[in-house]
Amino acid sequence: MKDIILTGIRSNDEPTLGNYLGAMRPMADLQRKFAGRYQINMFVPDLHSFTTPIDHSTLYDSSIRNLKYFVAAGLDIDDPNTFIYRQSFIPAHSELTVILNNFTGFGEMARMTQFKDKSAAQNDNVSVGLFDYPVLMAADILLYGAKYVPVGEDQTQHLEITRDIGLRMNHKFGELFVIPEETKKQVEFMNLNRGLRIRSLSDPTRKMSKSIQDPRGTILLSDSPDAAAKKVMSATTDSVGQVNFDWENQPGVTNLLQILVLLTGRPQDEINAEWTGQTSYGELKKAVATAVRDFLTDFQTKLGEIDESRLLDKLSRDEMAMAEVANETLLRVQRAVGLRQKK
Ligand code: TYM
C-alpha cells in the first residue's frame, strides 16, 4: 500500500491563479517528484461547490472542465498511481459525512474562520451546507486514508479539524482511520516554509478568491493573457517606494514577488536579491505581467490539446476503483458505530 497524497478543487466558479499555484501545480509537481512512490488522488468536490449560491446550469460542465485544468497544470493521468474522480459519484463521501456529523461539535464548526467570513458575507442566506463544509472535507480525506493534503493556507484549519475528528473516532472506536500529517509536516512536504496564500491584486490584504466579486484583483485561468497582464500592471502596491519582501508592510509588492518566484520556478532568494531595493514598481509589475502572460498562453494551449474522451474514460474507471476503496472504509465505520454487524 502506497501512502496517499490527496487534494480537491471545487467547481463553483472559474479557478484562479491562486488555485493553480496553491493546489493544482503542487500536485503535478509532487507527482513528478515522487514518480510512483505515492498514490495521487485529485478530485472535484462537486458537492462542496454550492455551499454558497451558484448557477446550477453550469455545474456539471464546470466539474469536467476542472479535471481538464488538472491535466493542463501538468498532472499525468496516464500514471497508474493517479486517480481522478468527482465526489458526488462516490456516495460514501455523503454517508460518511452524516456519520461524522454526530461526532463533531456545533461549537467547533461555528469557530471555523472560513465559515465566519463567508457567512458574514452572505447575511441571512447561510446554508447548513456551508456550516457542514469541513465535515464533508474530513470525509473526503479520511475515506482514503490520505497522509498528505496539499492545500493553500486558507484550508489549514479544515485540515486540522479533519485530524481532530479522525483522532476522536480512533480514540472511541479503535484504529478506524489513517490520520493526515499535521500542518507543519504538510507544509514541509510541499517544500514551503508556510502555507501559500496568493493575495488579491487590488486588495493585497485579502486572498485572491473566486467567490469574492473582485475581477480586478483576481486572475482567472480563463482570462486572456493580455487582460491578465493588464490586471498585474494595475495591481495595488504601496507608498514605500522601494521593493522589499515583507508581507507585513508591503503585501502588494511581496505578492508580486511571490507570484514571480512561483511562475518562473526560480528560487525565492535569487528573486529577492534581484529586486530588493529597486525603486521602480513599474519594472517589477512588467516582469510579473510577462510571467503571467507566458504562463496563461502556455496553459491555455495545453488545455486546448486535451483529449476529452480519454479523460472521461479514465474518469469512469477511477470512479469505480475509488468507490471500492471508499466503501471499504465506510463499512469499517458502519460496523464500528453499530450500523452493520461486526465481523
Ligand atoms: P477551493 O476550490 O476553494 O480551493 C482549491 C485549492 O486552492 C487553494 N487556494 C489558494 N491557494 C493559495 N492562494 C490563494 N489565493 C488560494 N485560493 C484558493 C485552496 O487552499 C485549495 O487548496 N475546501 C477545498 C476543497 C476540498 C478539499 C477536500 C481539499 C474539498 N474537500 C479535501 C483537500 C482535501 C477548497 O478550498 O477548494
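Residues numbered from 1 in each chain as written. Predicted model: local features only at pLDDT ≥ 70, side-chain atom pairs only at ≥ 80, totals over all residues. Heavy atoms only, no water.

## Side note on the pairing of strand 1 (residues 4-8)
Here is the rule we go by: Here's how the labels work: a residue is buried when its accessible area is under 20% of the maximum for its type, exposed when over 50%, partly exposed in between, all with a 1.4 Å probe on protein chains only. Each helix corresponds to a stretch of at least 4 residues labelled H or I by DSSP, and each strand to a stretch of at least 2 residues labelled E; elements are numbered beginning at the N terminus. Paired strands, as defined in this entry, are two strands with at least two bridges between them according to DSSP. Orient the strands so they point away from the viewer; a crossover is then right-handed if the path from the first strand over the helix to the second runs clockwise.
Across the 5 residues of strand 1, 4 count as buried, placing the element largely inside the fold. Of the strand pairs in this sheet, strand 1 and strand 2 (residues 39-44) are connected by 5 bridges, and their pairing is parallel. Within strand 2, the position partnered with Gly-8 by the bridge is Phe-43. Tracing the backbone out of strand 1, into helix 1 (residues 17-34) and back to the parallel element strand 2 gives a crossover that is right-handed.

## Description of helix 10 (residues 251-264)
Stated formally: Expected span, for any helix, means 1.5 Å times one less than how many residues it has.
With 14 residues, helix 10 extends 20 Å between its outermost C-alpha atoms, agreeing within 8% with the 20 Å of an ideal straight helix rising 1.5 Å per residue. Judged by how many residues are buried, helix 10 sits mostly within the fold: 13 of 14 residues are covered. Phi turns positive, to about 75°, at Gly-265, one or two residues after helix 10.

## Let's talk about the site of the ligand
In plain terms, the rule: Any residue with a heavy atom lying within 4 Å of a molecule or strand is counted as near it. Polar contact is the term for a pair of N or O atoms within 3.5 Å; when the atoms are in protein, one must be able to donate a hydrogen and the other to accept it, and sequence-neighboring residues count only if both atoms are side-chain atoms. Only the protein chains shown count as cover for residues, with accessible areas throughout obtained via the Shrake-Rupley method and a probe of 1.4 Å. Put plainly, a pocket is an open set of points on a 1 Å grid over the protein atoms alone with protein on both sides within 12 Å along at least five of seven lines, a cavity is a set where a 1.4 Å probe fits but cannot get out, and a lining residue has an atom within 4 Å of a point. Throughout, a molecule is located in a cavity or pocket provided that more than half of its atoms lie within 2 Å of its grid points.
Around the ligand, a shell composed of 27 residues is seen, among which Tyr-133, Asp-140, Gly-152, Asp-154 and Ile-198 lie nearest. In this structure, an oxygen atom belonging to the ligand sits 2.9 Å away from a main-chain N or O atom of Arg-10. A distance of 3.0 Å is found between an oxygen atom of the ligand and a side-chain nitrogen or oxygen belonging to Asn-19. Out of a free accessible area of 710 Å², the ligand has 98% covered by protein chains. In this structure the site holding the ligand corresponds to the largest pocket.

## Some points on the layout of surface pockets
Rules: Grid points are joined across faces, edges and corners, and a volume is the space filled by probe spheres set on the points. Under the scheme applied here, ten amino acids are nonpolar (Ala, Val, Leu, Ile, Met, Phe, Trp, Tyr, Cys and Pro), four are charged (Asp, Glu, Lys and Arg), and all others, including Gly, are polar.
Put simply, the largest pocket is a space of about 1000 Å³. Considering the residues around the largest pocket, the lining is formed by 42 residues, among which Arg-10, Gln-114, Asp-154, Gln-155 and Lys-207 are closest to the centre. Listed by contribution, the elements that provide at least two residues to the lining of the largest pocket are strand 1, helix 1, helix 5 (113-122) and helix 6 (128-142). Here the lining of the largest pocket gets 6 residues from one element, more than from any other, and that element is helix 5. Partitioned by chemical class, the residues of the lining of the largest pocket number 15 nonpolar, 17 polar and 10 charged. The volume enclosed by the second largest pocket comes to roughly 700 Å³.

Any link to function would need more than the numbers given here.
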